[in-house]
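Summary of the model geometry
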Amino acid sequence: MGISRILLVSGAANFSTRDVWEGYRIGLSLIGLDVVPYPTFSMLKVLSPESVCSDILGTALDVDNRIDCVIFVDGLYFRGKRSRIPLSIRRAGIPTVLIATDDPYEEMPNVESLYTHRFTNELSCANEETIYLPTASLEFPSIQRHAQPRYAVSFLGTVFEDRLPLLLKVAQHCEQEQKRFLIAGKILDGRKELGKFRMTDLREKTIDGPEKWEIYSNSIATLNIFRESEVAESASPRVYEVTAFGHASLVTGPPRKEVSELYGENVVYFEDAESVITALEEVWSDEETRIKKSEQARQITLNSHLYEHRAQRLISHLRTAERRSSGIQVAEHQIGWIIGCGRTGSTWLAEMLGDFPKIRKWHEPYFGRLFKHLQDRPDDYQRPASFFSKKHQKVWLDGIRRMFFEMIEDRYPKFGEHSLAVKEVNTPELYNWLAILFPQGRMIHLVRDPYDTLDSYLDLQKPGSWNDRFGDQTDPLKELNVRRTAKHIRSTMELALQAYEAFPVEQKLQLSYEDLLRDPAPHLISCGNLISAEVDPELAASIAEKHHFKKHQKTGTLEFRRKGRSGVWKESENFTSEVLKIANEQLGPLRAKLGYH
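Residues numbered from 1 in each chain as written. Predicted model: local features only at pLDDT ≥ 70, side-chain atom pairs only at ≥ 80, totals over all residues. Heavy atoms only, no water.

**Some details on the sheet that holds strand β15 (residues 419-423)**
The test is simple: In this scheme, strands are said to pair when DSSP sees at least two bridges between them. Think of it this way: any DSSP run of H or I at least four residues long counts as a helix, any run of E at least two long counts as a strand, and we number them from the N terminus. Only the stretch in contact is used when fitting a helix axis, every axis being a line fitted to C-alpha atoms; angles between N-to-C directions are given from 0 to 180 degrees.
Overall, parallel pairing links the five strands, which are arranged β14-β15-β13-β16-β17 in an open sheet. Across the chains shown, the open sheet's two edge strands, defined by having one partner strand only, are β14 (359-363) and β17 (508-512). Within this sheet the neighbouring strands show an average axis-to-axis angle of 20°, counted without direction. Alignment of strand β13 (residues 335-339) against strand β16 (residues 442-447), held across four bridges, turns out to be parallel. When the sheet's bridge partners are listed, Trp337 is paired in β16 with Met443.

**Topic: the packing of helix α9 (residues 237-245) against helix α12 (residues 287-304)**
Packed helices, taken two at a time, are described by the angle their axes make and the gap between the axes. Short version of the rule: Whether a crossing is left-handed or right-handed is set by the direction in which the near helix is turned from the far one by less than a right angle, anticlockwise for left-handed and clockwise for right-handed. Note on definitions: a residue-residue contact is assigned when non-hydrogen atoms from the two residues lie within 4.5 Å. Each residue gets one label: Ala, Val, Leu, Ile, Met, Phe, Trp, Tyr, Cys and Pro are nonpolar, Asp, Glu, Lys and Arg are charged, and the others, such as Gly, are polar.
Two elements in contact, α9 and α12, have axes separated by 7 Å at closest approach and are oriented at 115°. Two packed elements cross with a definite hand, and for α9 against α12 that hand is left-handed. In this structure, α9 contributes Tyr240, Thr243, Ala244 and Phe245 to the contact, and α12 contributes Ser294, Ala297, Arg298, Thr301 and Leu302. Considered class by class, the residues forming the contact of α9 with α12 number five nonpolar, three polar and one charged.

**Examining unusual backbone geometry**
For the record, the criterion: A simple rule labels every residue: compare its accessible area, found with a 1.4 Å probe on the protein chains alone, to the largest value its type can have, and call it buried under 20%, exposed over 50%, or partly exposed in between.
Cis geometry is found at the peptide bond from Asp103 to Pro104, where omega equals 0°. Position of Pro104 relative to the elements: it lies in the loop between β4 (96-100) and α5 (111-114). Backbone geometry places Arg343, a non-glycine residue, at a positive phi of 65°. Within the element layout of this structure, Arg343 appears in the loop between β13 and α14 (346-354). On the accessibility criterion, Arg343 (15% relative accessible area) is buried. The backbone of Tyr366 shows a phi angle near 55°, a positive value even though the residue is not glycine. Among the structural elements, Tyr366 can be located in the loop between β14 and α15 (372-376).

If you want it as structure tokens, here you go:
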């Protein structure tokens, strides 16, 4: 929990290492962390190696910078005498993190003494001390697909000696078939041989983001060539990058199990220099299939293999390790936050989940009120003297988080043996902090037709309603009150949706009140799976039946449980023409965004 500001140091290489470094720079920022970037490859163009090393140390150790940890992407530059850089930082008490991007090709000596935490991009190099963290891709901007791409095939990367025979084979075939071939990147071997082919363009330079997009959008196929290795199993950055863009078909080889498990038949594989021609001909021969498979591969990457996803895993591991080292162990992944808006069925959902033997419910703790001040006074986040000053965020967030888990320990002493569903729909000021406070937590986003929600709110505001706090409006249908209520619903639902969209894909689910009405049981099972609580399907059906609307006696107008149906607003006396006009104005766009018509 003490990690909020990171010094991100790249290696000296200016091609693939820079891509990974840039990916984490953006990914860490997207999950809400403050990243201080240090592009070593650029700094070496203006400073001497010794000055760069001193500058990194100064940046990391300067107390005004408040660096919580230093992440080294690749680490190859900091071997030998320069290993003093991560060593000095670690001995100063700041955690050092290595993300090894050249496994298994480059040896990294003394990593145990230099780095507090170690991650590898290569599955075969992972062990108890080194965590597997695959490479990934950034999400590319949407660029229109070329009807007639310039290049039949492109290759972005470094031309090593072991790649040259295959590239020569492709160049020769393209020459024979009069198809254009682009090689872009570093050419360490074969410049003269490749230069003989008229149909092969050589772009010997570092390829930046916009140029990559131009190349991918102008290519029918893109080659990914794995370097020779007897042990490597994992996908390279190029695999994720090409699929994330979704224009060029990925032709990759030699085969690696992890790639085929991820993408199946949505990419094309080759074994060697002979079979690569067959693979390319397959792509070139069927445009419709190529486009369809490229789009399917793109969705796989966007759903789970962006640097934002990797950054979340990285920070979750670091925070878990930090808690363990301080003696605090928390089953955070067993906590499910039910967020959304009031009057959407959240109580019903929490009650059903709380009936499972391995789940407890925490009904409206109002924990989020701790962030109400920042919602009302966002300027205090920047004010130095403020308790909630951004400069001191590490301290106050750590304290808030610790207090939360101490409260859980006091209220639910068996937590860990069971999971916990926290219904927190009335403190939307909390929502955007959940990913930072609880990076391994789970989120259940509950939605309902905003018009039905407004109708329910207007009902509870009438004299004699179940709600003693709000049921004192002499005329809740007055324009001022309806407008204020609709704005509250819109604001709350928008904050919940924003938080849901930013939360890690594998740690969240969205369901609707309407889904629960149709058949609650499968959604209860999904919620249980999300928070690591085994849910028996027969028991789920039994609990759903127990909590069916017809089982309740106090229902109807002015009651907490009113109709137990969807679309009630269409026949409600609350929805006068004036109310409908305000609803259309305040809630109409959000309603459409949530998929209601």
